[in-house]
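Chain by chain, the residues:
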Amino acid sequence: MKWLRSLLVVLVTLASAGVAQAEKFTIAAASDLRFALDDIIALYRQAHPAHQVEVIYGSSGKMSTQIINGAPFDIFFSADIAFPQRLHAQGFTATEPAVYALGRIVLWSNTVDASVLTLADLPTHPRIRRIAIAQPAHAPYGQRAQEALQAAGVWEAVQAKLVFGENIAHTAQMVESGAAEVGIIALSLARFPALAEHRHHLIDDALHAPLTQGYVVTTRGARKAAVMDFAAFMETDAAHAIMERYGFVMPGR
């Protein structure tokens, strides 16, 4: 029976070690990452089945404010690196802001062929009564949409048609539901199979500031080894391949 007791001790010790290594962490992520990051997390879980990963999607500006106010986020993936930079400057991060991707914006519709549209068509197109963009006050993709409309010289002309989403995913939903005939959304959302059934028009990135997307580990997340492990996983070729599939441009490429 001694050998049996010894075996049980070993098994309990191993089980305890596994529990100690398993961690739960929470990611705050910009809504343009909704599909790409879901796929990346699914791949990460295959290699790290013990870790519990929770993701909350929203607008980068609002999530940045939530972190300042004590929200329990361990890592923050923003659609604009400016928000992680501000958090870092104020002492809310354990790592320096790092670029993880560059985003693009597109015209997308499920009722009009957006691939033949340009921004100049939006004020007078007979089938377009409402145009959805993310709220520029706190959503980077909304800010870039406004910049592009201004650069195209149609910002004032479309004011009566504009409707605003809380974030870029909500903006896409507004177009899907018929609340708007066309929207300026993230390419990463337009590439999702359900949305990719309808063609889009890629907006010239010379019309707006770059969508330089960055992330940071928060001071809360620095205490968890799994958080740093996931941050490293985002830098792997496998994660980059998923990001590129959704239209993101990887830094240095």
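What counts, and where the lines are drawn
- Residues numbered from 1 in each chain as written.
- Predicted model: local features only at pLDDT ≥ 70, side-chain atom pairs only at ≥ 80, totals over all residues.
- Heavy atoms only, no water.
- Pairing = 2+ DSSP bridges.
- Helix = DSSP H or I, 4+ residues; strand = E, 2+ residues; numbered from the N terminus.
- Axes fitted to C-alpha atoms, helices over the stretch in contact; angles between N-to-C directions.
- Contact = heavy atoms within 4.5 Å.
- Right-handed = clockwise from strand over helix to strand, strands pointing away.
- Buried < 20%, exposed > 50% of the residue type's maximum accessible area, 1.4 Å probe, protein only.
- Polar contact = N/O pair within 3.5 Å; in protein donor to acceptor, adjacent residues only side chain to side chain.
- Salt bridge = Lys/Arg side-chain N within 4 Å of Asp/Glu carboxyl O.

Engineer: Before we go on, may I ask you to explain the sheet that holds strand β4 (residues 98-103) in this structure?
Structural biologist: In a beta sheet, neighbouring strands pair by backbone hydrogen bonds and run either parallel or antiparallel. An order of β2-β1-β3-β10-β4 is seen for the 5 strands of this open sheet, with the pairing classed as mixed. Two strands close off the open sheet at either side, each with one partner strand: β2 (52-58) and β4. On average, each strand axis in the sheet is tilted by 20 degrees relative to the strand beside it, whichever way the strands run. Relative to β2, strand β1 (residues 24-30) is paired through 7 bridges, and the arrangement is parallel. Each bridged residue has a counterpart across the sheet, and for Ala-30 the counterpart in β2 is Gly-58. Lying over the sheet, helix α2 (residues 34-47) contacts β1 and β2, oriented at roughly 175 degrees with respect to β2.

Engineer: How do you make sense of the pairing of strand β7 (residues 162-165) when you look at a structure like this?
Structural biologist: Each regular strand carries side chains that alternate between the two faces of the sheet. Note that strand β6 (residues 131-134) and β7 share 4 bridges and pair parallel. Bridge assignment links Ala-132 to a residue of β7, and that residue is Val-163. Regarding the hand of the β-α-β motif, the stretch spanning β6, helix α5 (residues 140-151) and β7 is right-handed.

Engineer: Honestly, the side chain of His-138 in this entry has me stumped. Any pointers?
Structural biologist: The topology assignment puts His-138 in the loop between β6 and α5. With a relative accessible area of 13%, His-138 lands in the buried category. Of note is the side chain of His-138, whose polar atom sits 3.1 Å from the side chain of Ser-59.

Engineer: Got a minute to help me understand the pattern of salt bridges in this structure?
Structural biologist: A side chain of one charge can pair with a side chain of the opposite charge when the charged atoms of the two come close. Tallied over the full model, the rule gives 10 salt bridges. For Arg-245, the salt bridge goes to Asp-39, with nearest N and O atoms at 3.0 Å. Of this pair, Arg-245 sits in helix α10 (residues 237-245) while Asp-39 is found in helix α2, placing the two residues 206 residues apart along the sequence. If you follow the salt bridges from partner to partner, you end up with Asp-74, Arg-220 and Lys-224 in one network.

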